[in-house]
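Residue-level structure breakdown
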Amino acid sequence: MLQIRLPAEEGWDFETETFVDLPEVVLSLEHSLVSLSKWEAIWHKHFLGREDLSPEEIVSYIKCMLDEPIDDSIIARFRQDDFEAITEYIKEQRTGTRITDRSNRSGSSQFVTSELIYGWMVGCQIPFHPAETWHLSRLLTLISVLDRKSVV
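Described below are features of the structure shown in this document. (Residues numbered from 1 in each chain as written. Predicted model: local features only at pLDDT ≥ 70, side-chain atom pairs only at ≥ 80, totals over all residues. Heavy atoms only, no water.)

It is worth spelling out the overall build of the protein at this point. The number of helices and strands found in the protein is seven helices and four strands. Radius of gyration (C-alpha) of the protein: 19 Å, far over the 15 Å computed for a compact globule of 152 residues. Projected onto its principal axes, the C-alpha positions of the protein cover 70 × 30 × 25 Å. The buried share of the protein, reckoned over its 152 residues, is 32%. Looking at the protein alone, contacts between residues at least 24 apart form 59% of all its contacts between residues at least 6 apart. Only carbon and sulfur atoms are counted for the fraction: they give 53% of the accessible area of the protein, which is about 10100 Å². (Helix = DSSP H or I, 4+ residues; strand = E, 2+ residues; numbered from the N terminus. Rg over C-alpha atoms; globule rule 2.2 N^0.38 Å. Buried < 20%, exposed > 50% of the residue type's maximum accessible area, 1.4 Å probe, protein only. Contact = heavy atoms within 4.5 Å. Areas by Shrake-Rupley, 256 points an atom, 1.4 Å probe, with all protein chains shown as cover.)

What follows covers the packing of helix α1 (residues 33-43) against helix α2 (residues 55-65). Relative orientation of the contacting elements α1 and α2 amounts to 140°, with a least axis distance of 8 Å. Comparing their axes, α2 and α1 come out oblique. Crossing angle aside, the handedness with which α1 passes α2 is right-handed. Listed contacts from α2 to S35, L36, K38, W39, I42 and W43 of α1 are E56, E57, S60, Y61, C64 and M65. (Axes fitted to C-alpha atoms, helices over the stretch in contact; angles between N-to-C directions. Parallel < 35°, antiparallel > 145°, perpendicular 65-115°, else oblique. Left-handed = near helix turned anticlockwise from the far one by under 90°.)

Now for the side chain of H135. Here H135 lies in the loop between α6 (128-131) and α7 (136-151). Aside from chain neighbours lying at most four places away, what touches H135 is E30, H31, Y89, I90, E92 and R94.

Turning to the environment of D72, a few remarks are in order. Mapped onto the elements of the fold, D72 is located in helix α3 (residues 72-75). Between the C-alpha atom of D72 and that of V59, which follows or precedes it by 13 residues, the distance is 9.1 Å.

With that out of the way, let us pick up the nonpolar core. In terms of nonpolar packing, the biggest core is built from 30 residues, with L27, L29, L33, I86, I117, M121 and L139 touching the most fellow members. Mapped onto this core, the elements with two or more residues apiece are β1 (2-6), β4 (25-29), α1, α2, α3, α4 (80-91), α5 (114-124) and α7. Per element, the largest residue contribution to this core is four residues, and it comes from α2. Beyond its immediate stretch of four places on either side in the chain, L139 contacts L33, I117, M121, I126, A131 and W134. (Core = buried A, V, L, I, M, F, W, Y, C linked by side-chain atoms within 4.5 Å.)

In the structure shown here, the tally under the stated rule is six aromatic pairs. On the basis of an interplanar angle of 50° and a centroid distance of 5.3 Å, the ring pair of F78 and F83 is categorised as tilted. Since its relative accessible area comes to 8%, F78 is described here as buried. Relative to F128, the ring of Y118 has its centre 4.9 Å away and its plane inclined at 75°; by these criteria the two rings are edge-to-face. (Phe/Tyr/Trp six-rings, centres within 6.5 Å; stacked < 30°, edge-to-face > 60°.)

With that settled, consider the environment of H135. According to the relative accessible area criterion, H135 is buried, its value standing at 5%. A C-alpha to C-alpha distance of 8.3 Å links H135 and I90, two positions 45 residues apart in sequence. Among the polar contacts made by the side chain of H135, one reaches the main-chain carbonyl oxygen of Y89 at a distance of 2.8 Å. (Polar contact = N/O pair within 3.5 Å; in protein donor to acceptor, adjacent residues only side chain to side chain.)

Let us look at the pattern of salt bridges. Side-chain pairs of opposite charge can arise where the charged atoms are in close proximity. Taken as a whole, this structure holds seven salt bridges when the rule is applied. For R77, the salt bridge is made with E9, and the minimal N-O distance between the two is 3.8 Å. Of the two residues, R77 sits in the loop between α3 and α4 while E9 sits in strand β2 (residues 9-13), which places them 68 residues apart along the sequence. The class for R77 is buried, based on a relative accessible area of 11%. Judged by its relative accessible area of 36%, E9 falls in the partly exposed class. Between K63 and D72 there is a salt bridge, and its shortest N-O distance comes to 2.3 Å. (Salt bridge = Lys/Arg side-chain N within 4 Å of Asp/Glu carboxyl O.)

Okay, structure coming up:
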């Protein structure tokens, strides 16, 4: 889980034309199969492997990662460092396992969607809970390990 801390600050209320105190906010985010499923349900396309996400789609995924809903005024307080921390967190490998692919298989043209991952979980007999809430890299590594063990 990643926590983003937005410090208390002074803001401007455009309706009352007055300064307002904005409290500190601590957000908890999780890059998980649940987050992925929520985002795909909103946008009706795959998320993983995309390089063409719009800023709106990125903010939407951040909202899907949150443990509680927030409004856009909170997102507007994000600094560049916060977005970079989220990007790095999504890219992290949250496991000590490293898998070396020794085959000469060409890359698959199949898009990885949440339903496909759930299907792999069923095939590997991985219970949805709590695995669907793990960091996605950990879940995908477990699926890969179990897939390789079944081939050997």
